[in-house]
Amino acid sequence: MIFAEIKTEEAEGTYLAHSINTNKGRLGKGHHLTALDIEDLLTSDITTITTIRLEEQDVHEDLAAAQLGQFVCNSGVKTSPAFTGRCNIYSTVHGVFETTPQEIGQINSVDEAITLATLAPYSVVHPDQLVATAKIIPLAAPSQALDKTKGVAQLTVHPFRQRKTGLILTRFPQTKKSVLEKTKTVVNQRLKSCVNELSETVIVDHDPNSIAKAISDLRANNHELILIFGASAIVDRQDALPKGLELSGGKIEHFGMPVDPGNLLLLGKHSGSDIIGLPGCARSPKLNGFDWILQRIIAGLPVTKDTIVQMGCGGLLSEIPTRPQPREKMPPETLHITPRITAILLAAGQSRRMGPKNKLLQEWHGKPLVKWVADNIGESQVDHTIVVTGHEADLVRESLCANGLEYVHNPDYADGLSTSLIKGLMAVPADSDAVLICLGDMPSIDSSQLDELIKAYDPENGAAICVPTFEGKRGNPVLWSRSFIPEMLNLKGDSGARHLLGNYPGDLQEVIMDNTSVLSDIDTPEALSTLRKTSFSK
C-alpha cells in the first residue's frame, strides 16, 4: 500500500486513510473515492487529503477478511458478508466449538495485517452465535500473506447428538430418597442442556456387585452412555464404582482429573459405551469438570486420558475455600469480590393485552415505562445492560436514548418470551458472573431493590438464584448465576425461566422487599391507569 498526503484532484480511485467531513456529509475511513467525491471535497475547500493506494499485491480489507473467513470455516459454521475489514463467523448448530490455540496463533503470526479471534475452544454454542471474527487491521492485506493462512486452522462446531443414556444411583441404608431425586433431576437438566435426556435410572446398593449388574443391564438395553453417581465419592481405583465397572467387563480409562471442582471423576468404557463415574460436585448446577466431559462426549468428540490431563490449564473453575489456605486466613480485601452483573432488559413483546398501543412506550411522569426500567438499572450496581428489542424496535430504542446500552434484536419475538430471553443470554459477556432478567413493563422497581438482589447473591453459600418477594409472593426481576445459562438456552414458548426455580431449592435465596413493585407489571390499560394514580416517589 502507498500511504500519502496528496492533492485532492489526484485522489480518484484511492481510499481515504481517515474519515473526513464535507459539505454533503461524511466520507468514512476506507471510502473508495470517486469523481463525484473529488468534486464534493474540492467544493468543501479540501485541497489535500491523506489516502491509500492499493498496489498489485494488495487485497482490499473486505475481500481479504472474507477470504480468511472462508479459509478457516469447516462444518457447523458460516460467514457473514465482510464489512470494514471484518468477517464474522457464526455457528449453524447447537454443539461444541472446536479449534486449537496453536492454530489460531499460527494464523495471527503470518502477518500483522491479518487477525483471527475466536471463542475459547470447546465452548458450547447455539445457532447464529458468534464464534469468531476475522479482521484485517489496515485497509488491505498482502496477497502472499493471505495465501499462507489457507489450511492452517479449521473452525468447527460439532452438533450435539442423541445418545441413549442411563443413570445408576447408588445408596447406603441411610441415603435419603430426596437426595437421589435431586441428583437425578440435576443430571437430567445437564443432559437437556445438551439436547438429550435420561432414558432409564437404576438405584442400587453401593457395592461392586450391584453396580456391575446395573452396568450390564443398561448395556444389554443398548445404552450408549452410562452415568454412575455414587452415594460416596470415589477415592481409589479399588473403590466400589471402578471395581463394579471392571466386574461388569468394562475398563477404566482414567481416574481423576486436574479440574476443580470435578477432581474425583472416573472415565471408563464398556463394549463401545462411555462410562462416567460422576464427582460429588455434579449434584450442583455449578460448572464443574463433569460438564466438560459430558459436552464433548455428546457432541461426538473423543475423550481419552490425554483429553483429561490437558484440562488442567484453565481447570481451576472456582475458589475452594479450604484450599490452598483456610478462608479465615485470607487477607480481608480478598474475602468479598464484587460480582459482575449483566442485566437483560426484555423489551421485545407485542403487548397484546394493552390493546393497539405498545405498553413500553406509554408515559408515566414524563418518561416511557421502558425508559424508567433502563434508568433504574443504570443507577444500580449492574455493570452492563443488554436490551432485547423486537416489536417496534426503532421506537423502543428511540425512547431509551441512552448511552452504554447494548441492543440485541429478536426477529422471532412473536414466537414467545423465551426467544427474546435466549437472544439476550447469548450476548452476555464472558466475564459476567450473574444475569439479572428484567421486564420492560415494571417501571416502579427502583435501583435500591436491584442492589438488594445483587447484595444477596452468594453462590458459594446457597444463593445462586435471588428472587424478590413481597408478603410471601415471588416477583421479578430474578438474578441468576451464569452457570444456569446453558439450561435457560433450551427454553421454549412464551414462558421465561421461572419454572426452573423449583428444580434448585438448594440454590435459591428469597429477598424480602418492602413494597409491591416487584409484583406489579403494567400489561393492561387498567394496570396503567392504576399506576398513573399512585403517588410519585422517584
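About the cut-offs
Residues numbered from 1 in each chain as written. Predicted model: local features only at pLDDT ≥ 70, side-chain atom pairs only at ≥ 80, totals over all residues. Heavy atoms only, no water. Pairing = 2+ DSSP bridges. Helix = DSSP H or I, 4+ residues; strand = E, 2+ residues; numbered from the N terminus. 1 Å grid on protein atoms, 1.4 Å probe; cavity = no way out; pocket = protein on both sides within 12 Å on 5 of 7 lines; lining within 4 Å. Points joined across faces, edges and corners; volume = space filled by probe spheres on them. Nonpolar A, V, L, I, M, F, W, Y, C, P; charged D, E, K, R; others polar. Salt bridge = Lys/Arg side-chain N within 4 Å of Asp/Glu carboxyl O. Buried < 20%, exposed > 50% of the residue type's maximum accessible area, 1.4 Å probe, protein only.

Turning to the sheet that holds strand E5 (residues 48-53), a few remarks are in order. Read from one edge of the open sheet, three strands run E1-E5-E2, paired in antiparallel fashion. Two strands in the sheet have a free side with no partner beyond their single neighbour: strand E1 (2-7) and strand E2 (15-16). When E1 meets E5, the two strands line up antiparallel, connected through six bridges. What sits directly across from Ile2, in E5, is Arg53.

Here the structure, examined in full by the defined rule, presents one cavity of 30 Å³ or more. Its boundaries defined by the atoms lining it, the largest cavity holds a volume of some 70 Å³. Every residue along the wall of the largest cavity is listed here: Val373, Asn376, Ile377, Cys438, Leu439, Met442, Ile445, Leu450 and Pro477. Residue assignment for the lining of the largest cavity shows that the elements contributing at least two residues are helix H10 (369-378) and strand E26 (434-439). In terms of residue class, the lining of the largest cavity is made up of eight nonpolar, one polar and no charged.

As a further point, take the pattern of salt bridges. This model, assessed by the stated rule, comprises 12 salt bridges. The partner of Lys213 in a salt bridge is Asp217, with the nearest N and O atoms 2.9 Å apart. Linking Lys213 with Asp217, this pair stays in helix H6 (residues 208-220), spanning four residues, or about one helical turn. The closest approach of N and O atoms between Arg474 and Glu510, which form a salt bridge, is 2.7 Å. Of the two residues, Arg474 is situated in strand E28 (residues 473-474) and Glu510 in strand E30 (residues 508-512); the sequence distance between them amounts to 36 residues. Residue class for Arg474 comes out partly exposed when judged on its relative accessible area of 39%.

The subject of this paragraph is unusual backbone geometry. Each neighbour pair has its own omega, and for Asp260 with Pro261 the value is 5°, a cis peptide bond. The residue Pro261 is located in the loop between strand E18 (251-255) and strand E19 (266-270) in this model. In this chain, Asn476 is followed by Pro477 through a cis amide linkage whose omega measures 0°. Its place among the elements puts Pro477 in the loop between E28 and strand E29 (478-481). Positioned with a positive phi, Tyr122 is a non-glycine residue whose angle comes to about 70°. For Tyr122, the location among the structural elements is in the loop between strand E10 (114-118) and strand E11 (124-125). Since its relative accessible area comes to 27%, Tyr122 is described here as partly exposed.

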